[in-house]
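Here are the chains, one letter per residue:
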Amino acid sequence: MGYIKSIGTVIIYVSFFLAVITFLPGLPPDAEYSEYSMKLPWDLQTLKSVTKIRLQGPEILFSGEIKGPEAFASFNGEIYTGIRGGYVVQIEENRIKPIVKFGQKCDGLWQEQKCGRPLGLKFNDKGELFVADSYYGIFKVNVNTRQYINIINSSEPIDGKIPRMVNSLDIAKNGDIYWTDSSVDFPLHDSTYTFLANPSGRLIRYNAATKKNEVLVKNIGFANGVLLSDDESFLIVLSTLNSYIIKYNIKGSKAGQKEIFAEGLPGLPDNVHSDGQGGFLVTLIFTVDSEHPLLAQSLIPHPHIRKMLSRLLYLIEAPFKLLQDIYPNYYSERVLHTVGSFDLSKNAALKSDSIILRMDKTGKLLNVLYSEDITEISSAYIHNGYLWFGSPWNEYIMRVPLKQAFLDLALNTKHSAKKEQKQEEPLLTVSATPNIKVEAKSTKSTVKQEATTKLPPKSTVKAQTTQKPNSDATRPKETIQKSTTSQPTTTSTTTTPKPTTSSPKASGKDSKEIKKDKSNSQVKPESSQQSNEARIKTKSVDSVKKNDHETQTAKSKPMKKNEDSTKK
């Protein structure tokens, strides 16, 4: 009886203690805990389109040289990522090249709030890199000069609340920045608390014209990846905690309204990238279903239990926080970083298998890739014929050939490079209306073009003059976009002269010679009333070599509007 009485006494005291820390007002952490609901994840086994073999045998890069490549961005054929320790780096063929670091000098990863943590990255059309650092805000970086400026300071409140966890971003064509703040209550190194408290993540728009931030959506469960649609009529933002995707309408009759894009996902969505075809590649970093539930999701209907666990976790940290304030030391810092961070809580996940969902712009599921070999993946990014995998914990980078993962995307070369890999040289617009002359010589046509711009004399372009090999204007292919009479602003045809390369003497001529097509069509001069313009884009030597086979197949007859882009 004495033994049973002792056990009963312990149970009473423990219950009283737990009740006190649960219901006593004013105890930290300071967050909201109330009941709410979510749609439970559906089972992955119910899908017939799940493919496992496509992610087998990944290539491992830079093992032990990198830590936590969370997400990727690319421009002009170069790919970048942010890593733990605070650096944004360029991934070259044989090395990792540091570009910039926003945080302070730190002793190790346990000082993450001091080091900084770059998460989301995105290039605009000008080749400027925008980076979301979880602790310091959003920066604009010149990757060539390595200079940067702070666009959004995370210490400044937005709508009365400080963004505690800046996460992901995307850039609109007008310069507006759409970004996510995962929590207004806890920073990244205390992210475990975020999963126990009520959702407090936000979708925010930074107006480039007014330089002000506006909160678009509130109370998102760990707001994470964000991506604009190709036409920028809407964007999607991922809720990691609640396993769903929000669609926010920017244009149209529903502008300013949110709706559910997809819900009940079989895992925790992290980052989203474009598939290059108007769709989305959504990565689920952990698998969640009826057989492998997530504890934080199971406790959503039980706010008192969530509050109790949060306060218990805080009681574990409290002595070390007090010690750190009195006597700063290495050990207390390590404990404080480990207890509240995902580094510890990720071990509670039952399955770390990764899932990649390919969805179209309506939210329809096109394909599902599942992997037991590639685990804890936070992003899947298409670049240079590969599908690259990011992770917040891996000490390496993984990738598989794109033709292995998504054969249809690999066959169509017009993927993400269409938006991101653009030449940095400015486009030179010239008037090609009054000075086009055509001279026919038996089976060849000699086209003389004299196009004069309104720029200074140095910008005058004459296509019939001899071009020096080292000139910036030297190119084997010129594209002349010619507007029709009825629709000068919307419909255009492309005429691509084919340079003569079979004879070495041809390069010394003052005019270019091109073959006539089978229909014997000729380029006729337009009247002075028509305002046709040609856009001539200077290409680098490397780009010329890469697209040499495209030049050989170019013809002088007009082509359809989008036919030329699909053959690149």
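None of these values were measured; they are calculated from a predicted model.

Some thoughts on the side chain of Thr81
For Thr81, the position within the fold is in strand β4 (residues 78–82). By relative accessible area, Thr81 is classed as buried at 0%. Engagement of the side chain of Thr81 in a polar contact is seen with the backbone oxygen of Ala71, the distance being 2.6 Å. Apart from residues lying up to four places away in sequence, Thr81 is in contact with Ile66, Pro69, Glu70, Ala71, Phe72, Tyr87, Val88, Val89, Ile91 and Leu121.

Structural notes on the state of the cysteines
Summed over all chains, the structure comprises one disulfide. Here Cys106 connects covalently by a disulfide to Cys115, the sulfurs 1.9 Å from one another. Here Cys106 and Cys115 share a disulfide; its torsion about the S-S bond, 120°, makes the bridge right-handed.

Re the UniProt feature "transmembrane region" (unreviewed entry) in the protein chain
Here the UniProt feature "transmembrane region" (unreviewed entry) sits at residues 7–27. Summarising residues 7–27: 81% helix, 0% strand, and an end-to-end C-alpha distance of 28 Å.

Things to note about the sheet that holds strand β6 (residues 96–101)
An order of β3-β4-β5-β6 is seen for the four strands of this open sheet, with the pairing classed as antiparallel. The outermost strands of the open sheet, each flanked by one partner alone, are β3 (72–75) and β6. The mean angle between the axes of side-by-side strands here comes to 30°, regardless of whether they run parallel or antiparallel. Relative to strand β5 (residues 87–91), β4 runs antiparallel, the two being bridged by four bridges. Its bridge partner being in β5, Thr81 is matched across the sheet by Val89.

A closer look at the pairing of strand β15 (residues 223–228)
Within β15, six of the six residues are buried, leaving the element largely enclosed by the surrounding structure. Of the pairings in the sheet, the one linking β15 to strand β16 (residues 234–239) comprises four bridges and is antiparallel in character. Across the sheet, Val226 pairs through a bridge with Val237, a residue of β16. Between β15 and β16, which pair antiparallel one after the other, the connecting turn spans five residues, and Glu232 there sits at a positive phi close to 60°.

Quick notes on helix α5 (residues 303–326)
Compared with the 34 Å implied by 1.5 Å per residue over 24 residues, the 34 Å span of α5 between its first and last C-alpha is a close match. The principal kink in α5, of about 35°, is found at Glu317, preceding the proline Pro319 by one to four residues. Where α5 is concerned, the buried positions are Pro303, Arg306, Met308, Ser310, Arg311, Leu313, Glu317 and Gln324.

A short note on the packing of helix α1 (residues 2–23) against α5
Viewed as axis vectors pointing N to C, α1 and α5 meet at an angle of 95°, and their least axial separation amounts to 8 Å. Between α1 and α5, the crossing angle belongs to the class labelled roughly perpendicular. For the pair α1 and α5, the contacting residues are Phe17, Leu18, Ile21, Thr22 and Phe23 in the first and His304, Lys307, Met308, Arg311, Leu312 and Leu315 in the second. For the contact of α1 with α5, the residue count by class is seven nonpolar, two polar and two charged.

Some thoughts on the packing of aromatic side chains
A full pass over the atoms with the stated rule returns 18 aromatic pairs. With centroids separated by 5.1 Å and ring planes inclined at 90°, the aromatic side chains of Phe102 and Tyr148 adopt a geometry described as edge-to-face. Of this pair, Phe102 sits in the loop between β6 and α2 (112–115) while Tyr148 sits in strand β10 (residues 147–153); the two residues are 46 residues apart in sequence, bridging distant segments of the chain. According to the relative accessible area criterion, Tyr148 is partly exposed, its value standing at 35%. Every member of this aromatic cluster is reached through a ring pair, and the members are Phe72, Tyr381, Tyr386 and Trp388.

Section: the pattern of salt bridges
When the charged atoms of two side chains with opposite charge come close together, those side chains can pair. Applying the stated criterion across every chain, the model contains 11 salt bridges. A salt bridge links Glu92 to Arg95; the shortest N-O distance between them is 2.6 Å. For Glu92, a relative accessible area of 24% corresponds to the partly exposed category. When its relative accessible area of 45% is taken as the criterion, Arg95 is described as partly exposed. A salt bridge links Asp181 to Arg202; the nearest nitrogen and oxygen atoms lie 3.2 Å apart. Of this pair, Asp181 sits in strand β12 (residues 177–181) while Arg202 sits in strand β13 (residues 201–207), and the two are 21 residues apart along the sequence. One exposure class covers both Asp181 and Arg202, and it is buried. Through salt bridges with shared partners, one network takes in Asp275, Arg358 and Asp408.

Scoring rules and cut-offs
- Residues numbered from 1 in each chain as written.
- Predicted model: local features only at pLDDT ≥ 70, side-chain atom pairs only at ≥ 80, totals over all residues.
- Heavy atoms only, no water.
- Helix = DSSP H or I, 4+ residues; strand = E, 2+ residues; numbered from the N terminus.
- Buried < 20%, exposed > 50% of the residue type's maximum accessible area, 1.4 Å probe, protein only.
- Polar contact = N/O pair within 3.5 Å; in protein donor to acceptor, adjacent residues only side chain to side chain.
- Contact = heavy atoms within 4.5 Å.
- Disulfide = S-S within 2.5 Å.
- UniProt positions renumbered as here; feature names shortened; annotations may be inferred.
- Pairing = 2+ DSSP bridges.
- Axes fitted to C-alpha atoms, helices over the stretch in contact; angles between N-to-C directions.
- Expected span 1.5 Å × (residues − 1).
- Bend = angle between axes of the 7 residues up to and from the residue.
- Parallel < 35°, antiparallel > 145°, perpendicular 65-115°, else oblique.
- Nonpolar A, V, L, I, M, F, W, Y, C, P; charged D, E, K, R; others polar.
- Phe/Tyr/Trp six-rings, centres within 6.5 Å; stacked < 30°, edge-to-face > 60°.
- Salt bridge = Lys/Arg side-chain N within 4 Å of Asp/Glu carboxyl O.

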